[in-house]
Each structure stands twice: as structure tokens, then as C-alpha cells.
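Structural description and commentary
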Amino acid sequence: MRIVFKTSYDRDIDLHEHGWSRAKIAVLLGIMILLPFLVGEYYLAEATNTLIWALAGMGLMIAVGHTGQVSLGHAAFLSIGAYTDAALMNAGLPFLVAFPAAGLVAGLFGAVIAIPAVRMSGIYLAIATLAVFVIVEELVILLEPITGGVGGTMAPSITFFGISFDRYGALQNFYWLILGVVALVTWGYANLMRSPTGRSFLAVRDSEVSARALGINVTRTKALAFGLSSGVTGLAGALMGHYIGFFNYELFSIFISINLLLVVTIGGLGFIQGAFLGAILITGMPQLIAIMRDGLNASTGIDLGSIPGLDTMMFSVILILFIIFEPTGLYGRWLKIRTYFEIFPLARRDMFRRQKSYLKTERMK
Amino acid sequence: MELLQLMIGGLANGCIYGLVALGFVLIYKASEGVNFAQGDMMMLGAFVALGLGNSAQMGLSFWLAVPIAIVIMFGVGWGVERVVVRRIFGQPQFALVILTIAMGFVFRFVAGSIWGYTPLVLETPFAGQNLRGGGIVISVSDLITIGVTIALTLGLWAFFAFTRIGLAAQAASQNQMAAYIVGVPVMRINSIIWGLSGAVATVAGVLYATRGAIDPNIGLLGIKAFAAAVIGGLGSLPGALLGGIIIGVVEPIAGRYAPGELAIMSPYIIMLIVLVTRPGGLFAQMHAKKV
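The rules behind each value
- Residues numbered from 1 in each chain as written.
- Chains lettered and ligands numbered in written order.
- Predicted model: local features only at pLDDT ≥ 70, side-chain atom pairs only at ≥ 80, totals over all residues.
- Heavy atoms only, no water.
- Helix = DSSP H or I, 4+ residues; strand = E, 2+ residues; numbered from the N terminus.
- Rg over C-alpha atoms; globule rule 2.2 N^0.38 Å.
- Buried < 20%, exposed > 50% of the residue type's maximum accessible area, 1.4 Å probe, protein only.
- Contact = heavy atoms within 4.5 Å.
- Areas by Shrake-Rupley, 256 points an atom, 1.4 Å probe, with all protein chains shown as cover.
- Lys, Arg positive; Asp, Glu negative; His and termini not counted.
- Charge placed at Lys NZ, Arg CZ, Asp CG, Glu CD.
- Salt bridge = Lys/Arg side-chain N within 4 Å of Asp/Glu carboxyl O.
- Phe/Tyr/Trp six-rings, centres within 6.5 Å; stacked < 30°, edge-to-face > 60°.
- 1 Å grid on protein atoms, 1.4 Å probe; cavity = no way out; pocket = protein on both sides within 12 Å on 5 of 7 lines; lining within 4 Å.
- Points joined across faces, edges and corners; volume = space filled by probe spheres on them.
- Nonpolar A, V, L, I, M, F, W, Y, C, P; charged D, E, K, R; others polar.
- Polar contact = N/O pair within 3.5 Å; in protein donor to acceptor, adjacent residues only side chain to side chain.
- Axes fitted to C-alpha atoms, helices over the stretch in contact; angles between N-to-C directions.
- Parallel < 35°, antiparallel > 145°, perpendicular 65-115°, else oblique.
- Left-handed = near helix turned anticlockwise from the far one by under 90°.
- Expected span 1.5 Å × (residues − 1).
- Bend = angle between axes of the 7 residues up to and from the residue.
- Patch = residues over 30% accessible without salt bridge, like charges linked within 9 Å, V, L, I, M, F, W, Y side chains within 5 Å.
- pLDDT = per-residue confidence, 0-100.

As for the overall build of chain A
- Counting its secondary structure elements, chain A contains 15 helices and 4 strands.
- For a compact globule of 365 residues, the expected C-alpha radius of gyration is about 21 Å, and chain A comes in at 21 Å, within 12% of that figure.
- Based on the C-alpha atoms only, the size of chain A along its principal axes is roughly 55 × 55 × 45 Å.
- Within the span of chain A, comprising 365 residues, buried residues form 52% of the whole.
- If you take every contact in chain A between residues at least 6 apart in sequence, the share linking residues at least 24 apart comes to 75%.
- Taken as a whole, chain A presents about 17,100 Å² of accessible surface, with 67% of it coming from carbon and sulfur.
- Computed over 25 positive and 21 negative side-chain charges, the separation of the two mean positions in chain A equals 15 Å.

What follows is the structure, encoded as C-alpha cells:
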């Protein structure tokens, strides 16, 4: 068990509790930078996909995990980001302009729809975002000159300062680019959460009434959080577009929204780390299922590939089991295990009992 | 004439949306949770009736198959509450939303594995029969849909207004803790309500199946029905029906006179307008949120 002596306020709000955790993050980042030299092309592409999902998961985490606003329509912001980025780059703008613009457009759109939406809470917000998703999906089909309609559009390959970041031609560079974006966003996100703005998000999540009493402008905070959330998701969407290469509206289906929710819930609501764990799970699971299926087919002759929809079913069952047995997600479970060993033998079952739920009744109770 | 024809078809469609929305409202009224698997329960109900009634499957008579399907789906709804939903009692609403979405996928998988993904047609005694008059064609199944919906809504209203269980359910929905203290078995009421919403979903599914072929993906209709429930105000039975009818009537008319994409968007646009102007729905039952 480690005892941290805090001798100054700066020390108290430091991102890392002690030097050891700072070193761990540095080592992790180092391994991630060296990854292209350690694994093959296939797994590098998978790692890139995981990072993009983690970025999108962080976007949703701001809204769901840290502000308590449930969104069932975040695929809409992914698609806005992807289409803005692709359209601007097809118009001849460089990636360095198009990419931030994609985040900005998605973020502004999110903030604009959030302003009426913040009057709603809980289930109503969830359903309003679902409606926005359907409307955006149909708009994408309608706005054919920009989006290519049903046929789809192509995200051009990225080049700046004369270096190619093509998804297929220079996968290593593409990976490093995405790693850089993800690292920057994570760093910004972690810092946001210890700033007054981030603290006000948590206050709004835990109790709107108390937050208002403490002088927080709840409407502005919620709109800001939702805008930031959709902006980060828009960035992820732009990268997803480049990763896929050629896409149409079907890439951003309702299932993507639900998968994103899966990422944040299974990963652990309210933890940045949760977005990464969830992303690893959701991108790793299909691979694992495929490997297991091949193994089963080879050893026993049972061909699970012939059953359609098995993957989705397994995801759903995992999700149900997590919600019932481990609502704090993978990261919450990890925290429990770590604490158990750190303070052995003093750990108690009730140490992690939830004091507050993230959503409350709309009616008087 | 054309408009009238569209409206009658839309009315029958709207009744089905309304019935699925009734299922949402029942559960919302009782436990303030939203069952996003309602559309998939409708789908499962329709398939159970099809499995019992079609001559290629069990071959029971239609009038026998539908009540059995209703009973089976009552059991499914009851079982879902007992086995899954009860365990997350006290967790945030959000948990139930994700849980039921996931359950919807499981239902879809189950139906897909048993009955396959190719569209199937439910055999009914009144298939293909039409009434003609004054240039309008009304199919018998449309009329039956409208009639059954009216009867079921009245029945549910009477259930909540006059029976002991209905009154207990109302009490539990208004204040669970107080209801518990005065001796209402809140947990058991919840199970019954879930069962009831499964039964209502089955009726909606069978009515849907009388009007066309069904496949495991018709459960996505649940999203539209949810829009209907929200338009009506999530706690109101007549509101849900009205919301369903509004959506059902607007959709074909928008599809006839506007681009097809707009028709798909129309339910959600209506819902957003209602949510922005009257956040509690047309028949609001919500009160200002207190600490």
C-alpha cells in the first residue's frame, strides 16, 4: 500500500498520483509508438481501428459517463465528421484544415441540437438523439452532391509536408498519425476533467439541482459537454472514414451507435480508461470469435459460421451479463481487484457500493 | 378519394404503432423504465402465432393459435422481468435502456434461428378480403386492426381504472415507496405489467402480420412506435394511441406528396417538434422535477 504525501495544491490536482503512474503511462505510450516494429501489418491495422474506436468512445464518454447525458445517436456525429472531412478534402483542402473542421462542424451541430435537448433528461434525451440520428442518416442520402448519396464517397489519402499517410500505402505513418491524435485528445480530456469546466460536468451529472445551487449554468454546461462530445466523435468519424477509405451512409448505422454505447458501458462509465478497454473488447471480440469458430470447425466439425447473427447475439449476451453483474464495467472490476491487493487484507465488499446513480427519475419520487 | 384511401391505410398502420406504444407506456407507467425490446417482443409474438397457426408448422386453427401465442408471450414478458430486469432494480434508467436493446438483439437472433430470415406470411381466415364502396377499397384486416385496437385500449383503460391489480399498478407508478408501504406488492405488479406488455405486443404483432409478410427485423418498427409513445407523453395510454395514429397517418401522406426520405424522417421530425415545444408530450403527466 502506497501512501502519497501531498504537500501542495498543484500536487493534489496533478493528473498522476505519483511518479510510478506517470512512468506507466510513458511506458505504455512508448510501446504504442514502437508497435509498428513489433507486429505485422494485419494487427497494426486492427490496432489502428481500436484507437479510432477508443477516440469515438472517449467522445461518447464525455456525454454519457461524465455528464450523464445518454445518447443513442452518436453514429450521426461520426457520419457528420466523416462526410465533412471527405467533402472538404475532395474540394482540395489539406487534411490539416479538413480534420479540425470535421470536429468543429460535428461539435457545433451537437451543441446546436443540445440546446433544445438539454431541457430533456434521461430517456427523452436518448430518444431525441435517436431521432436526430435517423434524420441525419436520411439527410446524408438527400444531400447527394456533397455526400455521394446512396453510392457513397471516398476519403482521399492524407499527405502533408510531403509525407504520405495513406491507409494502405503507408500504414505505419497512418497509425502514428492516429496515435498522435488519440494521445492528444486523451491528454486534453484528462486535463479537462480536473479543470472547473470538467468538475462542473461531474456536478451536473450527480445532481442538477445541487449544481445549479452552486452557481453552475446547467444549460450551458450540458450544451458544452454535448458539443465537446460530438466534436470528439466527429474527429473519430473523420479518421474512420480514412480508415475505411470508401464509405456510404450504411457505415454509420444504428448498430454503430449501440456499439459505441457498448464501448463506454462495458469499458466502465465515468473512466477515460474505460473507453480504451471497451474499444479493445469491441474490436477484439470479432477476431476472437472468428478464431474460436475456425478452431471449433476444425476440431469438431460444427460450423458456427452458418448461423447468421451469432456475433451480435454474443455481444448482446456479454452486454446483458455486464449490466447485471458488473455495472461499473471492466475498469471498475480492475479497480476492485487492484484495491483488493493493494490494501490486502482490509478490502471490503461495500467499498465500491454506488452512492449515486447517474440518471434520476423524471417524476417526483 | 386518394387522400381518404391513404388515411384509412395510415389509420390501421397507426393503430399498430399505437399498440406497440401502449406496451412502452405500460412498462413506463409501472416502473419508469423503457423497454426498447418492445418492437422485438412484437416480432416474437407474431412469429409464435405463426409457428402455432401456419399449416406448414403446427397447424392449429387461427382462433386457437393467437390466444396461445398471447399466453406464451405473457410468460416471456413475465420471465424477462423476473430473470433479468429485476436484478438491475435501482440501477440508473440508462442500464435498462441498454439492457433491453441487447435483449432485442437476442430475441431477433432466437426468431431468426427458429424461423429463418426470409419473410413469412401468417395464414389468416380473412386474408385478401376487401370491402369496396364509393371508390375506396378497405381490406378486412385493416378494419379488424382498427376494431381490435379500440377494444384493447378500452380494455386496458378499464383494467387500470377498475381492477385491484390495475389500481395497485397505478399506485406503484406514482410512488413506488409509498405503494410498497401501504402493502402493494410492487415487484409482483411489475412482473404482471411486463407480462401484459408482452401480451399487447403479441396482439400488435399478429395484427401487423395480417397485413403483410414478417421477418425478424420488423422489430425495428419499435423505434417508430417509441416516437409515437413520446409524442403522446410517455405516461399516457390514450396519448400513445393518438401518437401512433398521428405517425401512421402522416407517414403515407408524406410519402405520397414529398420525397421518400422525408416520409422516413417525418415521425422523428414530429417527435422532435413535440419534444421541443411540449417536453412532456401531448398528454403530459410529468411534474416539475424536485430534488
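Things to note about the overall build of chain B
- On a plain count of helices and strands, chain B comes out with 11 helices and 2 strands.
- Secondary structure of chain B in N-to-C order comes out as α-α-α-α-β-β-α-α-α-α-α-α-α.
- Since a compact globule built from 291 residues should have a radius of gyration of about 19 Å, the 19 Å found for chain B is in line with a globular shape.
- Overall size of chain B, expressed as C-alpha extent along the three principal axes, is 60 × 45 × 35 Å.
- Relative to its full complement of 291 residues, chain B shows a buried share of 55%.
- In chain B, the share of contacts with a sequence separation of at least 24, taken over all contacts with a separation of at least 6, comes to 76%.
- For chain B, the separation between the mean place of its 14 positive charges and that of its 9 negative charges on side chains is 14 Å.

Comments concerning the pattern of salt bridges
Residues and elements named next belong to chain A.
- Summed over all chains, the structure comprises 9 salt bridges over all chains.
- Residues Lys222 and Glu208 are paired through a salt bridge, measuring 2.8 Å at the closest nitrogen-oxygen approach. With Lys222 in helix H11 (residues 218-244) and Glu208 in helix H10 (residues 208-213), the pair connects residues that are 14 residues apart, well separated along the chain.
- The salt bridge partner of Lys336 is Glu326, with a shortest N-O separation of 3.0 Å. Taken as a pair, Lys336 in helix H15 (residues 329-342) and Glu326 in the loop between helix H14 (310-325) and H15 lie far apart in primary sequence, 10 residues in all.
- What you see here is one network of salt bridges that share partners, running through Glu326, Arg333 and Lys336.

Concerning the packing of aromatic side chains
- According to the stated counting rule, one finds 17 aromatic pairs over all chains in the structure shown.
- The interplanar angle of 80° and the centroid separation of 5.9 Å between the aromatic rings of Phe77(A) and Phe226(A) together place this pair among those described as edge-to-face. Linking Phe77(A) in helix H4 (residues 74-90) with Phe226(A) in helix H11, this pair joins segments that are 149 residues apart in sequence.
- By relative accessible area, Phe77(A) is classed as buried at 1%.
- Look at Phe24(B) and Phe226(B): their rings are 4.8 Å apart centre to centre, the planes differ by 85°, and that puts the pair in the edge-to-face class. With Phe24(B) in helix H1 (residues 2-31) and Phe226(B) in helix H9 (residues 221-232), this residue pair connects regions lying 202 residues apart in the sequence.

Side note on empty space enclosed by the protein
- Across all of its chains, the model carries 4 cavities of 30 Å³ or more by this definition.
- Estimates place the volume of the largest cavity at around 230 Å³.
- Considering the residues around the largest cavity, the lining is formed by 19 residues, among which Ile258(A), Phe36(B), Ile101(B), Leu220(B) and Ile223(B) are closest to the centre.
- Those elements giving two or more residues to the lining of the largest cavity turn out to be helix H12 (254-267) of chain A together with helix H2 (38-53), helix H4 (93-115) and H9 of chain B.
- Tallying contributions element by element places H4(B) first for the lining of the largest cavity, with 5 residues.
- Of the voids in this model, the second largest cavity is the one considered here, and its volume is about 110 Å³.
- Elements with a minimum of two residues in the lining of the second largest cavity: H12 and H14 of chain A together with H4 of chain B.
- Per-class residue counts for the lining of the second largest cavity are 9 nonpolar, 3 polar and 2 charged.

Digging into the side chain of Gln38(B)
- Topologically, Gln38(B) is positioned in helix H2.
- A polar contact is formed between the side chain of Gln38(B) and the backbone oxygen of Ser197(B), at a distance of 3.2 Å.

Re the environment of Asn190(B)
Residue and element names in this part refer to chain B.
- Along the chain, Asn190 falls in helix H8 (residues 186-210).
- In this structure Asn190 comes out as buried when scored by relative accessible area, which is 3%.
- Each C-alpha atom of the pair Asn190 and Phe162 lies 18 Å from the other, and the pair is 28 residues apart in sequence.
- If we skip the residues at most four places from it in the chain, Asn190 touches Ala30, Ser31, Glu81, Phe89 and Gln176.

Details of the packing of helix H3 (residues 41-67) of chain A against H11(A)
Residue and element names in this part refer to chain A.
- Contact geometry of H3 with H11 gives a least axis separation of 8 Å together with a crossing angle of 165°. Relative to H11, the element H3 is oriented roughly antiparallel. Read as a crossing pair, H3 and H11 show a hand that is left-handed.
- Class assignment of the residues belonging to the contact of H3 with H11 gives a composition of 17 nonpolar, 6 polar and 1 charged.

So, helix H13 (residues 272-300) of chain A
Residue and element names in this part refer to chain A.
- The end-to-end C-alpha distance of H13, which contains 29 residues, comes to 41 Å, matching closely the 42 Å that a straight helix rising 1.5 Å per residue would cover.
- Of all the bends found along H13, the most pronounced is centred on Gly284 and spans about 35°, while Pro286, a proline, follows it within four residues.
- Burial in H13 covers these residues: Ile272, Gly274, Ala275, Gly278, Ala279, Ile282, Thr283, Met285 and Ile289.
- On its buried face, H13 sits against H3, helix H8 (171-192), H12, H14 and H15.

Focus on a nonpolar patch on the surface
Residue and element names in this part refer to chain A.
- A surface patch of nonpolar side chains, about 990 Å² in accessible area, is lined by Val27, Leu29, Ile31, Ile33, Leu34, Phe37, Leu38, Val39, Tyr42 and Tyr43.
- Elements that contribute at least two residues to the nonpolar patch include exactly helix H2 (19-38) and H3.
- A per-element tally of the nonpolar patch places H2 first, with 7 residues.
- Its place among the elements puts Val27 in helix H2.

Some thoughts on helix H10 (residues 237-257) of chain B
- The end-to-end C-alpha distance of H10(B), which contains 21 residues, comes to 31 Å, matching closely the 30 Å that a straight helix rising 1.5 Å per residue would cover.
- Listed as buried for H10(B) are Leu237(B), Gly239(B), Ala240(B), Leu241(B), Gly243(B), Gly244(B), Ile247(B), Gly248(B), Val249(B), Glu251(B) and Ala254(B).

Quick look at the packing of H12(A) against H15(A)
All names here are of chain A.
- One can describe the packing of H12 onto H15 by two numbers: an axis separation of 3 Å at closest approach and a directional angle of 10°. Judged on the interaxial angle alone, H15 and H12 are roughly parallel. Contact with H12, carried on its side by Thr265, Ile266 and Gly267, involves Gly329, Leu330 and Tyr331 of H15 and no other residues of that element.
- The residue inventory of the contact of H12 with H15, partitioned by class, reads 3 nonpolar, 3 polar and no charged.

As for the environment of Thr159(A)
Residue and element names in this part refer to chain A.
- With respect to the element layout, Thr159 can be found in strand E2 (residues 159-160).
- Classification of Thr159 as partly exposed rests on a relative accessible area of 44%.
- C-alpha separation for the pair Thr159 and Leu96, spaced 63 residues apart in sequence, amounts to 9.3 Å.

Things to note about the confidence of the model for chain A
- A residue-level look at chain A finds 92% of positions with pLDDT of 70 or above and a mean pLDDT of 82.
- With pLDDT under 50 throughout, residues 356-365 of chain A is counted as low confidence; its partners more than four residues away or in other chains account for 38 contacts.

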